[in-house]
Amino acid sequence: MNITSIWNSVYPVLVAILFFELIIVIHEWGHFTAARLMKIKVNEFSVGMGPKLLQHKGKKTTYTLRLILFGGYCSMEGEDEESDDENAFVNKKVWQRIYVVVAGALMNLVLGLVIVLILVCSQNLVGTTEVAKFDDNAVSQSYGLQVGDKIKSIDGMRVYTTNDVTTGFSRCSNENVNLVVERGGKDVKLKVKFNTEDYEGHTYTVMDFWLRGVKKTPANVISQTGKEFVSYARMVFLSVHDLLVGRYGISDMSGPVGAVSVVSTAVKTSMYSMLRIMALLTINVGLFNLFPIPALDGWRLFVLLAEGITRKKLPQKAEYLINAVGLAALLLLMCFVTFSDITKLF
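Quick caveat: nothing in here was measured; it's all calculated off a predicted structure.

Observations concerning the overall build of the protein
Piece 1. Counting its secondary structure elements, the protein contains eight helices and ten strands.
Piece 2. Taking the intrachain contacts of the protein between residues at least 6 apart in sequence as the baseline, contacts between residues at least 24 apart amount to 65%.
Piece 3. Entry remark: accessible area of the protein is about 19500 Å², with carbon and sulfur atoms responsible for 63%.

Have a look at this one:
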């Protein structure tokens, strides 16, 4: 094996790892900038985890680069303990602490929006939900689907973008799909049969038609960017829903190892595929962090909102214990998912 072939195998993984680090750094940078804006003392801002490689002590904050580029943190005074410092996190007003807590997730969502905008701008055409043509011997055509039909819903799920259409078909339970299409200005209900294929233990409905694209204009680029961003965000909630109702099991989840594998494969495929997965991941991280799960920003947000309503703080020991239990549960889940990811690789 020569150096070129080794590099071609290694660089996609490096790109994937660096992107995950970018997601984390952007998230922690959101907390950092919000804390500084609220005059909260930040003791350390770290890129990476583990042993220190480089460290710079600023006037107010120590900046650290650590060996393992798979993590990072923004350590604020009084974040997890009591403090007499007037600039400690714990001593700030509720609305100030809420702003600092949500700023990390907001930065992830902003990054996702920027990537989606790049994706839309990079396309030759802007996608629609209108059927443009069928594959040869398409099954769906014989069940009433026509060229020019604008798909409005798939098995009850509303669709607004091409991404929604592919997502809708990926969630279909069998080959018989209930469609609502717009035809001649009127809504038409269709029950259409499609072919199916099996992949990794699941049966998926195969789209046998193509969707129409239209020329880009400043107006439809902006509109499409907004719609695609909402579409990616909705995929996060749909995934959680499908997991809760048993459509997918925990073994179908992917952790850092599986995600790195997917991103590195996308890097080899095309820049567009890589950016698409990156957009989904950073939006996923931003939204998931706001879920009210102990050890996540969403739990702290929930506690702060409760404090703002009741005017009573949750005791520090109770909050620490809840966060510790939540963190242990998340780490246990992460270990299981990572083990599952590794077994899938081999």
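As for the environment of Ile151
Piece 1. Looking at the secondary structure, you find Ile151 in strand β4 (residues 150-154).
Piece 2. Residue Ile151 is classed as buried on the basis of its relative accessible area, which comes to 1%.
Piece 3. Residues Ile151 and Val180, spaced 29 residues apart in sequence, show a C-alpha to C-alpha distance of 6.2 Å.
Piece 4. With residues near it in sequence (within four places) discarded, Ile151 still touches Thr129, Val131, Val159, Val165, Val180, Val181 and Phe209.

Remarks on unusual backbone geometry
Piece 1. Its identity as a non-glycine residue notwithstanding, Lys39 has a phi of 60°, on the positive side.
Piece 2. Turning to its location among the elements, Lys39 is positioned in the loop between α1 (3-37) and β1 (42-57).
Piece 3. With relative accessibility at 61%, the residue Lys39 sits in the exposed group.
Piece 4. The phi dihedral of Asp155 falls on the positive side, at around 50°, and the residue is not glycine.
Piece 5. Structurally, the position occupied by Asp155 is in the loop between β4 and β5 (157-158).

Some thoughts on a positive patch on the surface
Piece 1. A cluster of like positive charges, contributed by Arg36, Lys39, Lys59 and Lys60, occupies part of the molecular surface.
Piece 2. Mapped onto the secondary structure, Lys59 falls in the loop between β1 and β2 (62-76).
Piece 3. Classification of Lys59 by relative accessible area gives exposed; the value is 90%.

Cut-offs and rules
- Residues numbered from 1 in each chain as written.
- Predicted model: local features only at pLDDT ≥ 70, side-chain atom pairs only at ≥ 80, totals over all residues.
- Heavy atoms only, no water.
- Helix = DSSP H or I, 4+ residues; strand = E, 2+ residues; numbered from the N terminus.
- Contact = heavy atoms within 4.5 Å.
- Areas by Shrake-Rupley, 256 points an atom, 1.4 Å probe, with all protein chains shown as cover.
- Buried < 20%, exposed > 50% of the residue type's maximum accessible area, 1.4 Å probe, protein only.
- Patch = residues over 30% accessible without salt bridge, like charges linked within 9 Å, V, L, I, M, F, W, Y side chains within 5 Å.
- Salt bridge = Lys/Arg side-chain N within 4 Å of Asp/Glu carboxyl O.
- Lys, Arg positive; Asp, Glu negative; His and termini not counted.
- Charge placed at Lys NZ, Arg CZ, Asp CG, Glu CD.

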